[in-house]
2 protein chains.
Amino acid sequence: MDDFKANAKVFKAFCDENRLRIVSLLKGGEQCACVLLDELEICQSTLSHHMKILCDSGVVVGRKEGKWIYYSISQEGSQFALRTLRELTTVTLTGNQKNISRCCE
Amino acid sequence: MDDFKANAKVFKAFCDENRLRIVSLLKGGEQCACVLLDELEICQSTLSHHMKILCDSGVVVGRKEGKWIYYSISQEGSQFALRTLRELTTVTLTGNQKNISRCCE
DNA sequence: ACTACATATTGACAAATGTCGATGTGATTT
DNA sequence: AAATCACATCGACATTTGTCAATATGTAGT
């Protein structure tokens, strides 16, 4: 039941500035790594590092074609992230639970 | 237009295991910090550190009452996070754009 | 085979992060 | 006023993270 560690990994995809830029570039559809590299001001090995994290999180998928790799946003992955975030932040007050709980009593 | 850095900060709230546990504990409603401390296996200063990050991200709000601080999930904050995540991961293919873009040509 | 190209991996490093113990601060109680 | 409680801040430390340069791997073209 240690989803927490696993879910934290998913959200790690989104907690870096450059990874957000990458995801944002993929909004327009599949993009080759070299295009991403052109748009961002990071070196190639750094991009590769970020793409690994994004793919590991499930939010992005890569498709190899010859020399190139085309990355795109995974519908399943991003919907999982969305669902997880919603479940995590939705307050569920049960009937017998007071809105304000007194502590240390 | 550097939303990226700001948004990364929001998602940082969710990229740590213990912070996910804290948010999860707040799903049931407002909780005093000392209750959170009881549930988690971290020391008080560490909890305080995490609460600061959660509050700074806007996902959690604290309400002071006497000696205690009651934390709860912010509806505005978490909905902002949800909306941002959705906007970030929604693929928007424009009409004249091919699904597969050839690169390096 | 050789070269050029696209991406991954490695090693190194500075910066950020999570953690704790100790101490500070502010409120309540005695 | 003194003691106690709840929480924040500080200092120290180990770990993780983001970054780059250099090198490796794998593919395509000559």
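Notes on the structure in this doc start here.

The rules behind each value
Residues numbered from 1 in each chain as written. Chains lettered and ligands numbered in written order. Predicted model: local features only at pLDDT ≥ 70, side-chain atom pairs only at ≥ 80, totals over all residues. Heavy atoms only, no water. Core = buried A, V, L, I, M, F, W, Y, C linked by side-chain atoms within 4.5 Å. Buried < 20%, exposed > 50% of the residue type's maximum accessible area, 1.4 Å probe, protein only. Contact = heavy atoms within 4.5 Å. Pairing = 2+ DSSP bridges. Helix = DSSP H or I, 4+ residues; strand = E, 2+ residues; numbered from the N terminus. Axes fitted to C-alpha atoms, helices over the stretch in contact; angles between N-to-C directions. Near = heavy atom within 4 Å. Polar contact = N/O pair within 3.5 Å; in protein donor to acceptor, adjacent residues only side chain to side chain. Nonpolar A, V, L, I, M, F, W, Y, C, P; charged D, E, K, R; others polar.

Generally speaking, a soluble globular protein has its nonpolar side chains buried in company with each other. Ranked by internal contacts, the top residues of the largest apolar core, which has 50 residues, are Phe14(A), Ile22(A), Met51(A), Phe14(B), Ile22(B) and Met51(B). Ignoring any residue separated from it by four or fewer positions in sequence, one finds Phe14(A) in contact with Leu20(A), Val59(A), Ala81(A), Ala8(B), Phe11(B), Leu85(B), Leu88(B) and Thr89(B).

A word on the sheet that holds strand E3 (residues 68-73) of chain A. All names here are of chain A. Pairing within the open sheet is antiparallel, and its three strands lie in the order E1-E3-E2. The sheet is open, and its two edges are formed by strand E1 (31-32) and strand E2 (60-65), each paired on a single side. Where E2 and E3 come together, six bridges link them in antiparallel fashion. When the sheet's bridge partners are listed, Lys64 is paired in E3 with Ile69. Against the sheet, helix H4 (residues 44-57) engages E2 and E3, with an angle of about 115 degrees to E2.

Asn18(A), His50(A), Gln44(B), Ser45(B) and Ser48(B) are the nearest of the 24 residues found near DNA strand D. Among atoms of DNA strand D positioned within 4 Å of the protein, sugar and phosphate together represent 64%. Taking Thr46(A), its side chain carries an N or O atom lying 2.9 Å from a phosphate oxygen of DNA strand D. In the environment of DNA strand D, a sugar or linking oxygen lies 3.3 Å from a nitrogen or oxygen atom belonging to the backbone of Lys67(B). Of all elements in the fold, only helix H2 (17-26) and H4 of chain A together with helix H3 (33-39), helix H4 (44-57) and strand E3 (68-73) of chain B reach the threshold of two or more residues within the surface near DNA strand D. Of the residues forming the surface near DNA strand D, the biggest block, five residues, is contributed by H4(A).

This part covers the side chain of Ser72(A). As for its position among the elements, Ser72(A) is in strand E3. If near-sequence neighbours (up to four positions away) are discounted, Ser72(A) is found in contact with Leu26(A), Glu30(A), Val59(A), Val60(A) and Val61(A).

The next point concerns the protein's contact with DNA strand C. Taken together, 24 residues surround DNA strand C, and among them Gln44(A), Ser45(A), Ser48(A), Asn18(B) and His50(B) come closest. Note that a sugar or linking oxygen of DNA strand C is positioned 3.5 Å from one of the backbone N or O atoms of Lys67(A). Lys12(B) is positioned such that a nitrogen or oxygen atom in its side chain is 3.1 Å from a phosphate oxygen of DNA strand C. Only helix H3 (33-39), H4 and E3 of chain A together with helix H2 (17-26) and H4 of chain B provide two or more residues apiece to the surface near DNA strand C. Of all the elements, H4(B) adds the most residues to the surface near DNA strand C, at five residues. A class-by-class count of the residues in the surface near DNA strand C yields 10 nonpolar, nine polar and five charged.

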